[in-house]
Every structure is written in structure tokens, then in C-alpha cells.
Amino acid sequence: MNTSQDLSDALREQVLKAATAVEPLALQGGNSKAFYGRRSSGRPLALAGHRGIVGYEPSELVISARAGTPLEEIETTLAAQGQMLPFEPPHFGPGGTIGGAIACGLGGPRRPWGGAPRDLLLGVKLLDGRGQILEFGGRVMKNVAGYDISRLMVGAMGTLGILLEVSIKVLPAPPEEHTLQFESHEQGNRTLTSKLLRKGLPVTASYAHHGVLRVRLACGEERLRQIRQRYGGEVYADAEGFWRRLRDQHLAFFADRTPLWRLSLPQAAPLELPGPLLSEWGGALRWLKSAEPAAQIRAALAKQGGHAILFRNGDPEGEIFHPLQVRVARLHQAIKKAFDPQGIFNPGRLYEAL
Amino acid sequence: MSENDRQQRRAALAAALLRLLPADAVLFREEELIPYECDGLSAYRHVPLLVLLPHTTEQVQAILRYCHAERIPVVARGAGTGLSGGALPHEEGVLLSLARLNRILEVDPDNMQARVQPGVRNLAISEAAKPHGLYYAPDPSSQIACSIGGNVAENAGGVHCLKYGLTVHNLLEVKLLTMDGELITLGGAGLDGPGLDMLALITGSEGMLGLVVEARIKLLPIPERRQVALAAFDDVETAGNAVARIIAMGILPAGLEMMDNLALRAAEEFAHAGYPTDAAAILLCEVDGGSAEVSEQILQVRKILLEAGAREVRTAADEAERLRFWAGRKNAFPAVGRISPDYYCMDGTIPRHQLARVLREIDGMSRRHGLRCANVFHAGDGNLHPLILYDANQPGELERAERFGGEILELCVAVGGTITGEHGVGLEKIDQMCAQFPDPELSLFHAVKAVFDPLGLLNPGKAIPTLARCAEFGAMHVHAGQTRFPELERF
């Protein structure tokens, strides 16, 4: 069942030892996202034992938990109070932790409307490369004292420090959600998506693939009827399971060995790249299966102001994340040094030189 | 530096910069400099060596390159509406106003975003987006005047943060000049950017890490309908509990604001909003969305408020009345300004359930310091704006107001909150940073600063106190009664 355990001191000792020996550590939460990112050399350091919800007051809309707390435990606890993690974190597999979800910074289908992990993270307790336990942010919604170190941890893939504890804004779960399915050619679906978004319909997820558009709406039966009257669409029955399979990439689309690209770009931006495509977030997130050269894919994205991540089936020793401007890359290295002077945390996991 | 040396220094610097900039971009005469001596926190004033008003990003870049090479401090200024002294000039440096970079570069309705220069006013973005049925969500009370560059620097909020977030939640990308004049892009045109989230790090960094020269922001659909309920309470604590009830019932209001009796009476007199002036506190609760949901939710809100002990709940009869209800709240600061010669606005955030305790203790402090205090509260997100009423012409009152304010902020930290929710640290709250952060955290902040600005030329002395200053501040606490910022002149 749900256990609670504070391993701060033990982890701190491990870090001090590693820093003295300049021995890299490969941080490991639930190991559910091991496929994601570059391969990091280093001695595995298990973090999942440092777990337990340490504070949850539903009327404050904040939950604080040790980073090794299973996502499932957090989601169950919130659901019992009619609340949710608004970024709908992907699980990919069993055992995922809240710390891993924050460190990877990935949002699920609800992300454009509920917020990204970085939008919802309010504070962290962090173990840095000197073995110091530091606290940034807090448990309140608004806090502009000092630089926003907490949000810098989101998507850092553990390269800046070990997350010990995170405080996250939660929201009431919508009392009802319904999914409508539309069938049209690709352009028709794109036009409809754009219309639904710009009209401010209560959209909480979208999926477009192969002429099928599914849209999840947080509304009651009456509003749903009005929406259908105006825009059409059939009520889709197996909605809950479908969105979960999309979130966790358990749909057939994701089940092959072709390189899978995660493309982030403006929602209506045109994109001409060959290969099967699946679109989420109203078009702002697109999944592309393509063995075309990385440079070609990245250039197409850069043209739209977006970026491309080789999400699955890439070479873990190669370039997975989008290359940075030279000056920005230098700033990354300097930031890394400020947090982790000996370079012991997940070296190479995000970028080779980080 | 003697006055004579200073004038010579000014003349030499002006001559050098006039070689890089058009004549109208360099202000050096005393009478031209005076209007820039302070921002919205007028208790602190410094005349800079020069005020620079560049027209283009290239000119900003040229200024930074020159100042970097010559080791001249640079303080950036947007519209000058900041309330924490973040844009207070440096006497040995230049004040760099970004007000002339004021073009809306692109409104892109299909992608629901806009690209703007830093000097564009917050409200001007919503006005430009309106024909497309879109708007820019963060709405600080100064939105008529404040500019987007300053909003990014301060991570500005507003009265609709609970549902729509702060600047950081509505910002996609910035083009930033570092102190050595290099142009970098952080974030992206999509919903996330590559690499570390340096966009979040820049947001709210108070002009310490770089200068924003372009921002790409999100636009949202204008809600089909908005409705507001006004609830009157006989005591503040009941009002505070009602806030928790609304949220516990699963409602996410677009705005949830509270005012105490002193604040609401001042606002009523100023804006004639129709507030019940005999109430101990009022709550404004706004819901927005589709017409049907709004009707349903406002009924629910009304029911919850009455059950939670509201004496009376009114809903706006029409759009005009809704705007009137808000006009009172949005003008609360100037309204309080009318009932007192001066006021000092605080900006702490607390966990909501601590509200009753915090208000009780503020009341005690008010009596101890012999100064009135009006409370305006972004109740939805726990952001408290106590307005301390004082008269700067009465000897000792400003110092008393500052001590009172300092105590409020330290109380906010003690109950698990923060010294600033949305106004920033600037110079004003630099000592309270010592109460909020231990030395190791402060050291890391300095290390981050050094990553971007190793020479410490951008906005020196603001936002993050030196460890030495904190050691002194700790000592000062023992000797109560000493003045803060002894190095600064008083007005």
C-alpha cells in the first residue's frame, strides 16, 4: 500500500560521496521513462524509495509530495476529493513517480488547457551537486521572490539536481466530460479544430489522425447537445480508455520501431514532412513516424518557430533533443555548473555537453 | 563623486552615446532626467547619469555593448508603474527606457498568439486582439499603462490569475539581450521550447538577467459570458472561510477578490460601485465561460456564499453593473490614496486558510504602530495587498509604515507564504528576502545572476540581497527602530 519514507539524509550522503569521487549518478525514479532522452553513464541511484504525500489541503488546491511518490497514489488521493493533476501526466508504464513526471516535464492530452507541469509546479525541495538541500518557491499560487528556480527543474531530466519534494497546483476535476468524433479529410478536421478552439469551447483534449478527429469537452449534456447541433459530431463511447491509451502511447500508432518524433509548433502551422502523423493539443503537438534525416525534420520545425525531439527509437548516444543556439548552449552549461559543479547528475541525458 | 565630477562624467558619457544613438535618444539635462528618478514606488529616488530612449533593438544592443565594455550599470525601465522600486535608477549608471519599442509586430489569430515589442501596453494587446474575438489574459490593475516588458520582468498577475495564471503562464517566447549585447531566443512558438526552461527563469527576474526586446504571448478566446456575484459579510473571517468553501466545492472562479471595510468604503466613495459600506468585508466572485454554464455556476456560487454566512449576495444585473462592481476593486489603490496623504502597498501571499490569523495580526500591528491599514486581497490565490495609510509629512510616519510593512511580510513568510506575490522584490523588499531565504539559496541566486551577467552591471543591488546585507539585517532586527536603507535619501 502507500508507504511513506524520508530518505533525504541517505540521498544527501550518496551525493556527497559521488561529488567527492566525481562519480556520475544516473538518477532513477520509477524507470517508466527510461526510453526517453539520451543515455546517461553513471551509477544508478534509485529515488523511488523517497516517497509519501506530505501535505494536501483540497481547498488550497496544492499537493506536496516527496518526489518518489507514485503518480498513481497522487492521482487516487486527488480523485477522492474530486481533484486532479491538471497536466494529465503520461504514465507510459507502471511505477511512474511524480518526481519523474516533473523532471521529464511531459504533459498529457489536457496540457494546453489544464497547464503544463512547469505551469503547475509551485515549489521544490532540491538536493544540489554540493549536497545542499535547498528550497525554492512554495505552496502558494503566486510567488515572485527570487529567481524561478523551481520551474527550471521541469524538463531538466535530472541534470541540475535531485528533486526531493515538489508542490503542485491541482484543480477540480470536471464533473462531466464527453468526447465527440468527427470524420473528414485532414484539412476539414484542421479547420474545425481551429473553430472550436477560437470559439472558446470547453475543449480539454484533441486527437487527429487519419481523417478522424476526437475532441474531449468538459460540459454537461445540455451544452453537448447545443455543440452537436452547431458543429455535428458523434458521441464517442470508449472515451476514457481511449484518452488514457493516447496519454500513455498504447495506441497502435505508437507500436512500431520507426523513429518517433515529438514536434512542438504553433497549433495551426502547416508542416510538410512525409510519414504517418498523429496530432494532439489542437495541433500544437504532433507525433511523426519518420526515418528521414534528423536535420531535415528539425529544419522544418525551426521554420515554424517550433522544435523536434526524437522521442522513441532513436540512437540514445546521438542527438535526441533539439540543438540549441550556441550562446544558449553556453548558458546551459554555466547553469549546470552553478547547480552541479562536479557534473555528477545524469551527465549527457539531456545534451551531450551537459 | 563631487557634483562637478558627476557633471563631467555625465557630459562625457552623453557625448559617447550620442555617437551611437540619435540625438532624441539621449537625455542628459537635469530637468529631462527628473521624471525618471523613480518608478511606482516613489519613496526612493535617484537621478541617473543619463536616460536612454532607443527606438530599435539594434540601438539597445549598441547601448549594452558600450556599457558592458565601459562597465557602466544599466537599469531597464518599462512604463515605470512597478511598485517595488525595480526600475529605480542607479546614480552611476544609465536608465534604459524601452518605451519606444512599442510596436505590436503580429497578431496571429489562427495560432492564437501575438508578437509584441516590450514597450507595448498590456491593454493594447487585448485591444488589438479583440476584432479576432481574442484577448491577453493577465490584467494587472495598471494594465492601461504598464508594458509587456515590465510584465515579463515582474511576472505580473492581476485579478484573474487563479484561472488564467500569471505572465509566466501566458508567455511563449522572448527575445532577450544579455548584458554583453548578445541576442538570444528563449521558449518557442509552440507550447514548449527546447532545452532547460530558461523562459521561466527570465520571467520575474526583475531586469537582472537580460532585457526582453520581443515577446510572443498567448491569446485566449473572449469568454461568451462573464457574471459576478457580490457578497457582503459581517466579519472578515466568515468571508475568508467562504472562499475556501467555493474552491472546495469544485468551482474555479475567473476572479475571486476580497476587500475589508476600510478598503471597500474608500472604493465606494471613489468609484460608486454600489458596495454595501456597512459590511465588514465583501467578496467579488466572477465566473466565465459558455452562457449556460455561467448561469448554472453563478446560482451555485450564490448558494455556497449564503450557506457560508454571507449577509447578502447580489449578482450584477447587466454588463454595466458587472463593470461597476469591478471598477471599485480595480481602483482600490487610488481610492485609498484619497483618504490618506500617502499609502504603502504590500504584496504578501499566504496559504488561504491562514487568512483569518493574518488579518487579526495585521489589525494588532495597525494598533501598535498607530497607522490604519486597508486590506485588498486576491482571495483566490492568497495574494494579500494591505495598504498602510500614513502621512510622509509627519516626522517618523514613513519609517513606521515601513516597519509595519516589514512585519507583515515576515508574518507572511512565517505562515508558509511569500514576501511578494506579484510586485517583485526590487529594492523595497530586499531585506525581507533575508527572512525568506537562507544563505545557500541566496548564494545560488547569485550564481544564476553570474551566469547571465558576470560583471553585475544589470540593475545592481536589486532583487537579491548580498549575504553581508542579510547578516546586517539580522543584526538590525535586534536594534529595532533603526532605519532601513540608510544609504538612500528620503522623500
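What counts, and at which threshold
Residues numbered from 1 in each chain as written. Chains lettered and ligands numbered in written order. Predicted model: local features only at pLDDT ≥ 70, side-chain atom pairs only at ≥ 80, totals over all residues. Helix = DSSP H or I, 4+ residues; strand = E, 2+ residues; numbered from the N terminus. Rg over C-alpha atoms; globule rule 2.2 N^0.38 Å. Buried ≥ 20, exposed ≤ 12 C-beta atoms within 10 Å, placed from the backbone. Contact = placed C-beta atoms within 7 Å. Nonpolar A, V, L, I, M, F, W, Y, C, P; charged D, E, K, R; others polar. Pairing = 2+ DSSP bridges. Axes fitted to C-alpha atoms, helices over the stretch in contact; angles between N-to-C directions. Domains from an automatic or database assignment.

Caption draft 1: Summary view of the overall build of chain B. Secondary structure summary: chain B contains 17 helices and 19 strands in total. On C-alpha atoms alone, chain B measures out to a radius of gyration of 23 Å, which is about the 23 Å that the 2.2 N^0.38 rule sets for 491 residues. Sorting the 491 residues of chain B into buried and exposed places 57% on the buried side. Taking as baseline every contact in chain B between residues at least 6 positions apart, the subset at least 24 positions apart corresponds to 70%.

Caption draft 2: Spotlight on the overall build of chain A. Of the regular secondary structure elements, chain A holds 11 helices and 17 strands. Taking 2.2 N^0.38 as the reference for a compact globule, 354 residues should give roughly 20 Å; the C-alpha atoms of chain A span a radius of gyration of 21 Å, in line with that estimate. Taking the principal axes of its C-alpha atoms as reference, chain A extends roughly 65 × 50 × 35 Å. Relative to its 354 residues, chain A shows a buried fraction of 54%. Residue pairs in contact within chain A that sit at least 24 positions apart in sequence constitute 68% of those at least 6 positions apart.

Caption draft 3: Broad picture of the interface of chain B and chain A. The interface of chain B with chain A comprises 73 residues on the first partner and 67 residues on the second. Within the residue set of the side of chain B that touches chain A, elements represented by two or more residues are helix H6 (161-164), strand E9 (183-187), helix H7 (198-202), helix H8 (236-248), helix H10 (291-307), helix H15 (430-436) and helix H16 (439-452) of chain B. Examining the composition of the side of chain B that touches chain A, we find that 7 residues originate from one element, H16 of chain B, more than from any other. Residues of the side of chain B that touches chain A, tallied by class, amount to 33 nonpolar, 29 polar and 11 charged.

Caption draft 4: Expanded view of the sheet that holds E9 of chain B. All names here are of chain B. An order of E5-E6-E10-E8-E9 is seen for the 5 strands of this open sheet, with the pairing classed as antiparallel. Edge strands, defined here as strands with exactly one partner in the open sheet, are strand E5 (104-108) and E9. Here the average twist between neighbouring strands, direction ignored, is 15 degrees. The pairing of strand E8 (residues 171-177) with strand E10 (residues 211-218) spans 6 bridges and is classified as antiparallel. In the sheet register, Lys 175 faces E10, and the bridge partner there is Glu 214.

Caption draft 5: Spatial organisation of the domain arrangement of chain A. Residue and element names in this part refer to chain A. By domain assignment, chain A separates into domain 1 (8-173 + 332-339) and domain 2 (178-312). The distance between the C-alpha centroids of domain 1 and domain 2 comes to 27 Å. Its residues assigned to classes, the side of domain 1 that touches domain 2 comprises 7 nonpolar, 3 polar and 3 charged.

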